[in-house]
Amino acid sequence: DMARKIDAHDVADWFINRIDRRMGEVITTDVVHRLLYFAQAWYLANTGHEMFEEEFEAWGTGPIIPAIYERFERMSRAYRTSRTAARSRVANSRC
């Protein structure tokens, strides 16, 4: 296949960067994966080529690319840890 493929992480980032956080918009991992799934299907139907090489797995929540799922789980854990630490600092400063 001579068509240049895009990394699925770049496509996921493209969708995520379209969210208007100032307006309170959020995007979940499940939504990112569904968007990736539909983008891959649309691209394949219109060009005859896959947009990216990463393969989907059928999970109970829908189509998932394991590497992207793991990336966002790590980011989510880091975010939760930093928010917990910040709350702890605020609570300790009130004492």
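Located above this text is the structure these notes cover.
The model shown is predicted, which means the values in this text are computed figures rather than measured ones.

Chemist: Go over the overall build of the chain with me, naming the residues and quoting the values.
Modeler: Across its full length, the chain carries three helices and two strands. Scored against the burial criterion, the 95 residues of the chain give a buried share of 23%. When contacts within the chain are restricted to residue pairs at least 6 apart in sequence, long-range pairs at least 24 apart make up 54% of them. Entry remark: accessible area of the chain is about 7,000 Å², with carbon and sulfur atoms responsible for 56%.

Chemist: An account of the packing of aromatic side chains is requested, with residue identities and associated values reported.
Modeler: Within this structure, the stated rule accounts for five aromatic pairs. Between the aromatic rings of Tyr-37 and Phe-56, the centroid separation amounts to 5.3 Å while the plane-to-plane angle is 80 degrees, which identifies the pairing as edge-to-face. With Tyr-37 in helix 2 (residues 29-47) and Phe-56 in the loop between helix 2 and strand 1 (57-59), the pair connects residues that are 19 residues apart, well separated along the chain. Look at Tyr-37 and you get partly exposed, because its relative accessible area is 40%. You can call Phe-56 partly exposed: its relative accessible area is 22%.

Chemist: Now, about the layout of surface pockets: what can you tell me, with residues and values included?
Modeler: Here the largest pocket defines a volume of roughly 330 Å³. As for the largest pocket, its lining consists of 14 residues, of which Ile-27, Thr-28, Thr-29, Phe-72 and Met-75 are closest to the centre. Secondary structure elements with two or more residues in the lining of the largest pocket: helix 2 and helix 3 (66-93). The dominant element in the lining of the largest pocket, judged by the number of residues it contributes, is helix 3, at five residues. Of the residues assigned to the lining of the largest pocket, the class counts are eight nonpolar, three polar and three charged.

Chemist: Pulling in residues and values, what's your account of helix 2?
Modeler: Compared with the 27 Å implied by 1.5 Å per residue over 19 residues, the 27 Å span of helix 2 between its first and last C-alpha is a close match. Within helix 2, the full set of buried residues consists of Thr-29, Val-32, His-33, Leu-36, Ala-39 and Gln-40. The arc that holds every buried residue of helix 2, seen down its axis, measures 125 degrees, which confines them to one face. Residues of helix 2 that are exposed and point more than 90 degrees away from the buried face comprise Phe-38, Trp-42 and Ala-45. Residue Gly-48 follows helix 2 closely and has a positive phi angle near 80 degrees.

Chemist: Can you break down the packing of helix 1 (residues 8-16) against helix 2 residue by residue, with the values?
Modeler: Between helix 1 and helix 2, the shortest axis-to-axis distance is 10 Å and the interhelical angle comes to 115 degrees. Considering how the two elements wind past one another, helix 1 and helix 2 form a crossing that is right-handed. Between helix 1 and helix 2, the contacting residues are Ala-8, Val-11, Ala-12, Phe-15 and Ile-16 on the first element and Val-32, Leu-35, Leu-36 and Ala-39 on the second. Along the lines of polarity and charge, the residues of the contact of helix 1 with helix 2 split into nine nonpolar, no polar and no charged.

Reading guide: rules and limits
- Residues numbered from 1 in each chain as written.
- Predicted model: local features only at pLDDT ≥ 70, side-chain atom pairs only at ≥ 80, totals over all residues.
- Heavy atoms only, no water.
- Helix = DSSP H or I, 4+ residues; strand = E, 2+ residues; numbered from the N terminus.
- Buried < 20%, exposed > 50% of the residue type's maximum accessible area, 1.4 Å probe, protein only.
- Contact = heavy atoms within 4.5 Å.
- Areas by Shrake-Rupley, 256 points an atom, 1.4 Å probe, with all protein chains shown as cover.
- Phe/Tyr/Trp six-rings, centres within 6.5 Å; stacked < 30°, edge-to-face > 60°.
- 1 Å grid on protein atoms, 1.4 Å probe; cavity = no way out; pocket = protein on both sides within 12 Å on 5 of 7 lines; lining within 4 Å.
- Points joined across faces, edges and corners; volume = space filled by probe spheres on them.
- Nonpolar A, V, L, I, M, F, W, Y, C, P; charged D, E, K, R; others polar.
- Expected span 1.5 Å × (residues − 1).
- Arc of directions from axis to C-beta.
- Axes fitted to C-alpha atoms, helices over the stretch in contact; angles between N-to-C directions.
- Left-handed = near helix turned anticlockwise from the far one by under 90°.

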